Each structure stands twice: as C-alpha cells, then as structure tokens.
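A structural walkthrough
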Amino acid sequence: RGLYEPVGMMLHQINAHTLFAVCIWIVWNFIDGPAIGGTLILTGAITWMKLISYALANQDYRTMKKRQKKDHDSFQATLAIIDNLDEKDFDIEYPSNVTITNLWYFWLAPTLTYQIAFPKTPRVRPLRVVGILIRMIMVFSLFIFLVYQIVAPNL
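Presented here is an overview of the structure given in this document. Just so it is clear, the structure is predicted and the values come from calculations on it, not from any experiment. (Residues numbered from 1 in each chain as written. Predicted model: local features only at pLDDT ≥ 70, side-chain atom pairs only at ≥ 80, totals over all residues. Heavy atoms only, no water.)

Grouped together as the largest cluster of nonpolar side chains are 6 residues: Tyr-54, Ala-57, Tyr-61, Phe-106, Tyr-114 and Ile-116. Looking at this core, the element that brings in the most residues is helix H2 (residues 34–68), giving 3 residues. The contacts of Tyr-114, once residues within four sequence positions are left out, are Ser-53, Tyr-54, Ala-57, Asn-58, Tyr-61, Asn-97, Asn-102 and Phe-106. (Core = buried A, V, L, I, M, F, W, Y, C linked by side-chain atoms within 4.5 Å. Buried < 20%, exposed > 50% of the residue type's maximum accessible area, 1.4 Å probe, protein only. Helix = DSSP H or I, 4+ residues; strand = E, 2+ residues; numbered from the N terminus. Contact = heavy atoms within 4.5 Å.)

Structural data, given as structure tokens:
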C-alpha cells in the first residue's frame, strides 16, 4: 500500500537536508568566487525551503483529507479564503494536486510556501513587477556586498 507516513516524512527530511548539506559542502570546498558561491548557496536554500514546504503542505492535505470525510465543507471554506482563484481550482483536492504540472508551477512560482491552488490576477500589473524587480536587485546587491566584505574586508 505504501510507506508508513512517518517513515516517508523522515526519508524526505533526510533527503532535503542532505541535498542542502551537499550544496554547502561543494561551495565550501570548491567555489572560490564569493558571488558564485553566494548564488549557489542562495539557490540551494530556496530549493531546500521549497522541498520542505511541499512535503509539509501535502502532509497537511493528507491529514485534512482524513478529517474531511466527516466535514466536507471545511475544505471549501479554506479555499474560499483565497482570492482570485480560477474556477477549476475550487474543485481541486488532495491527491489530485500532486501532478507534474502543479509541481513545476510551484517550482517556478516566486513563492516559498506551497498551497493546493495559487491565486492569479486576470492581468499582469507592470508597476508591481518593476517594484519587485527593483527590490530584488537591491537585496541581491546588498547580499553580494556583504559576501565580499566577509571574504575581503578591506573594500
């Protein structure tokens, strides 16, 4: 039938933490440039957080599904809180959310927390996108500056 759930979660945790530890080990031992090393660590940290979020959210959905047999309205009430959902997303339930398309959307979406359905606005707001890009460039520049200060404090 499958793995006992605590064993599966433990294996997932070991896998996620090992992947992040390997990323740190590679940067520590083989990467000399602080910008490249910092970017790889940042990418590894984001990947680690997304893996943990995906596993924990789906664990919550499994638990909710077991409770849902008693009360079907609780799940619909949870989805009703989220604004701007597509019509097709109101009917999605665990385990039908565990698809390659859903996983890729979460992987490429600018979010660290997984949820069963992601709200979308009808159009792209250009000023919001520009604002987010400016903040991202500023934070990345500060990150690079701080990494260089740790590596070569004489700057």
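Turning our eyes to something else, we now look at the packing of aromatic side chains. Overall, the coordinates contain 5 aromatic pairs when judged by the stated rule. Relative to Trp-48, the ring of Phe-20 has its centre 5.5 Å away and its plane inclined at 20 degrees; by these criteria the two rings are stacked. In this pair, Phe-20 sits in helix H1 (residues 5–30) while Trp-48 sits in helix H2, placing the two residues 28 residues apart along the sequence. Judged by its relative accessible area of 19%, Phe-20 is buried. Here Trp-48 falls in the partly exposed class, since its relative accessible area comes to 28%. Ring geometry for Tyr-54 and Phe-106: centres 6.2 Å apart, planes at 20 degrees, overall stacked. Of the two residues, Tyr-54 sits in helix H2 while Phe-106 sits in helix H4 (residues 100–108), which places them 52 residues apart along the sequence. Sitting above the plane of the Phe-106 ring, Lys-50 keeps its charged end 4.7 Å from the centroid. (Phe/Tyr/Trp six-rings, centres within 6.5 Å; stacked < 30°, edge-to-face > 60°. Lys NZ or Arg CZ within 6 Å of the ring centre and 35° of its normal.)

Such coordinate-based values are descriptive only and should not be taken to indicate function.
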